[in-house]
Structures are given as structure tokens and as C-alpha cells.
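# A look at the structure
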Amino acid sequence: MPTELPYAADAEVSLQYDELEVLRLQYQKELAQSHVTVQTKFNYAWGLVKSPLREHQVEGVRLLQEIYRAEPTRRRECLYYLGLGHYKMGNYEEASRFNSLLLEKEPTNLQAQSLGHLIDERVKREGYIGMALVGGAAAIGTLLLAGVIRRATRK
């Protein structure tokens with residue numbers, strides 16, 4: 001079912017290496033000066049969350065959590081990208097939790113609605129895959145058991 005909400009494109013689009021590198025260098029420069037601005041930290045976290053590399057996503061989520069705790073005025077943006085980061089890492093329960101918090105504050109937020117749809121679709125798809133794996137394992141178990149019983153009855 002295609003969505004009418006194209007706003008969660010962040011889930012599929014990554015920054016180019018050189019774009020992320022610019023953000024990393026700015027963050028490290030400010031870190032070396034013992035004063036990282038919230039905007040620099042947020043920009044770097046945003047770039048990391050958008051990365052296809054899990055270790056980048058984990059670091060991005062960690063930085064966003066720091067901002068969320070320390071900067072109440074940035075919580076809305078953090079909620080969305082925390083949800084997105086957890087979605088990309090496959091932590092769908094956490095992704096849904098952060099996205100739901102955002103939707104409680106902003107029920108008409110199209111980005112959050114779109115991300116919620118993506119989360120629900122991924123949970124549903126992985127549920128089907130899980131059921132198929134369990135069904136396949138049960139079928140193999142049944143075949144093995146039938147073979148053992150057949151051999152036992154031949155003796």
C-alpha cells in the first residue's frame with residue numbers, strides 16, 4: 001500500500017561520505033575547543049542517523065539522546081530522528097515509542113505519520129518472515145520425526 005506521505009524519505013536517503021565528513025570535522029573541531037554547539041552536535045547526529053552504517057546510527061542516536069535530555073527546545077526534532085535512528089537499526093519498539101511521543105505533541109506531523117507507517121510496515125513484514133521461519137522449522141521437524149518413526153517401525 002503506497003503512502004501519500006513522502007516525508008520520511010530520511011529513512012532511505014544517506015549523506016555522501018564527504019557531506020558527513022564535513023559535519024564530523026566541525027563536530028571534532030568544536031569538541032577539541034571544549035565547546036560543541038547544540039546545532040553542530042545535532043547536525044552531526046542527524047548525518048550519522050542517516051548513514052547506512054549501524055555504528056554511525058548508534059552514535060547518532062547516542063548524541064540525539066544527549067541533546068534530548070539537555071535541550072528541551074530541541075526535543076521535537078530529536079524525537080523524530082531518534083525514532084528514525086531506531087527504525088534504521090531495527091529497534092522497532094523504540095522507534096515506535098519515540099514516534100508516538102512526537103505524534104502526541106504534534107498529531108498532524110506528516111513526517112511522524114509517515115515514519116509510523118514505515119515502522120508498522122516493517123514490523124508486519126518481519127512478523128511474516130518470522131512466521132515463515134517457524135512454519136519451515138516445524139515442517140522440517142515433522143519430516144525428521146516421521147523418518148525416525150518410520151525407521152523405528154521397520155526394526
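The rules behind each value
Residues numbered from 1 in each chain as written. Predicted model: local features only at pLDDT ≥ 70, side-chain atom pairs only at ≥ 80, totals over all residues. Heavy atoms only, no water. Core = buried A, V, L, I, M, F, W, Y, C linked by side-chain atoms within 4.5 Å. Buried < 20%, exposed > 50% of the residue type's maximum accessible area, 1.4 Å probe, protein only. Helix = DSSP H or I, 4+ residues; strand = E, 2+ residues; numbered from the N terminus. Contact = heavy atoms within 4.5 Å. pLDDT = per-residue confidence, 0-100. Axes fitted to C-alpha atoms, helices over the stretch in contact; angles between N-to-C directions. Left-handed = near helix turned anticlockwise from the far one by under 90°. Nonpolar A, V, L, I, M, F, W, Y, C, P; charged D, E, K, R; others polar. Phe/Tyr/Trp six-rings, centres within 6.5 Å; stacked < 30°, edge-to-face > 60°. Lys NZ or Arg CZ within 6 Å of the ring centre and 35° of its normal. Polar contact = N/O pair within 3.5 Å; in protein donor to acceptor, adjacent residues only side chain to side chain. Salt bridge = Lys/Arg side-chain N within 4 Å of Asp/Glu carboxyl O.

### Focus: the nonpolar core
- Ranked by internal contacts, the top residues of the largest apolar core, which has 27 residues, are Y44, L64, L84 and Y87.
- Per element, the largest residue contribution to this core is eight residues, and it comes from helix α4 (residues 75-89).
- Those residues within four positions of Y44 in sequence are excluded, and the remaining contacts are L20, L23, R24, Y27 and L63.

### Let's talk about the confidence of the model for the chain
- In this model, the chain carries a mean pLDDT of 85, and residues with pLDDT of at least 70 account for 79%.
- When the elements of the chain are averaged for pLDDT, helix α6 (residues 110-154) gives the smallest value, 73, and helix α3 (residues 54-70) the largest, 97.
- Counted against residues more than four places away or in other chains, residues 1-6, with its pLDDT under 50, gives five contacts.

### Observations regarding the packing of helix α2 (residues 38-50) against α3
- Where α2 meets α3, the axes come as close as 7 Å, and the angle between the chain directions of the two elements is 150°. Relative to α3, the crossing made by α2 is left-handed. For the pair formed by α2 and α3, the contact residues are V38, K41, F42, Y44, A45, L48 and V49 on the first element and H56, Q57, E59, G60, V61, L63, L64, E66 and I67 on the second.
- Along the lines of polarity and charge, the residues of the contact of α2 with α3 split into 10 nonpolar, three polar and three charged.

### Quick look at the packing of aromatic side chains
- For the structure shown, the criterion picks out four aromatic pairs.
- When the centroid spacing of 4.9 Å and the interplanar angle of 25° are considered together, the rings of Y27 and Y44 count as stacked. In this pair, Y27 is assigned in helix α1 (residues 17-32) and Y44 in helix α2, connecting sequence segments 17 residues apart. With respect to class, Y27 is no different from Y44; both count as buried.
- For the pair F42 and Y81, a centre-to-centre distance of 6.0 Å together with 75° between the ring planes defines the contact as edge-to-face. One end of the pair, F42, is in helix α2; the other, Y81, is in helix α4, and 39 residues separate them in sequence. The two residues F42 and Y81 agree in class, both being buried.
- One aromatic cluster is present, formed by F42, Y80 and Y81 through successive ring pairs.
- When the ring centre of Y68 is taken as reference, the NZ or CZ atom of R75 above it lies at 4.9 Å.

### What about the side chain of N99?
- You can see N99 is positioned in helix α5 (residues 92-105).
- What makes N99 buried here is its relative accessible area of 3%.
- Among the polar contacts listed, one links the side chain of N99 to the backbone oxygen of A112, at a separation of 2.8 Å.
- For N99, the residues in contact, after removing those within four places along its chain, are A112, L115, G116 and I119.

### Details of the environment of Y68
- Structurally, Y68 can be placed in helix α3.
- With a relative accessible area of 22%, Y68 lands in the partly exposed category.
- Separated by 10 residues in the primary sequence, Y68 and C78 have C-alpha atoms spaced 6.0 Å apart.
- With residues up to four places along the chain from it excluded, the contact list for Y68 reads R75, C78, L79 and L82.

### A few points about the pattern of salt bridges
- As enumerated under the stated definition, the model contains eight salt bridges in all.
- The partner of R24 in a salt bridge is E21, with the nearest N and O atoms 2.3 Å apart. Placement of the pair is R24 and E21 together in helix α1, with a separation of three residues, close to one helical turn.
- Here R24 falls in the partly exposed class, since its relative accessible area comes to 23%.
- For E21, a relative accessible area of 18% corresponds to the buried category.
- We note a salt bridge from E106 to R76, for which the minimum N-O separation is 3.8 Å. Of this pair, E106 sits in the loop between α5 and α6 while R76 sits in helix α4, placing them 30 residues apart in sequence.

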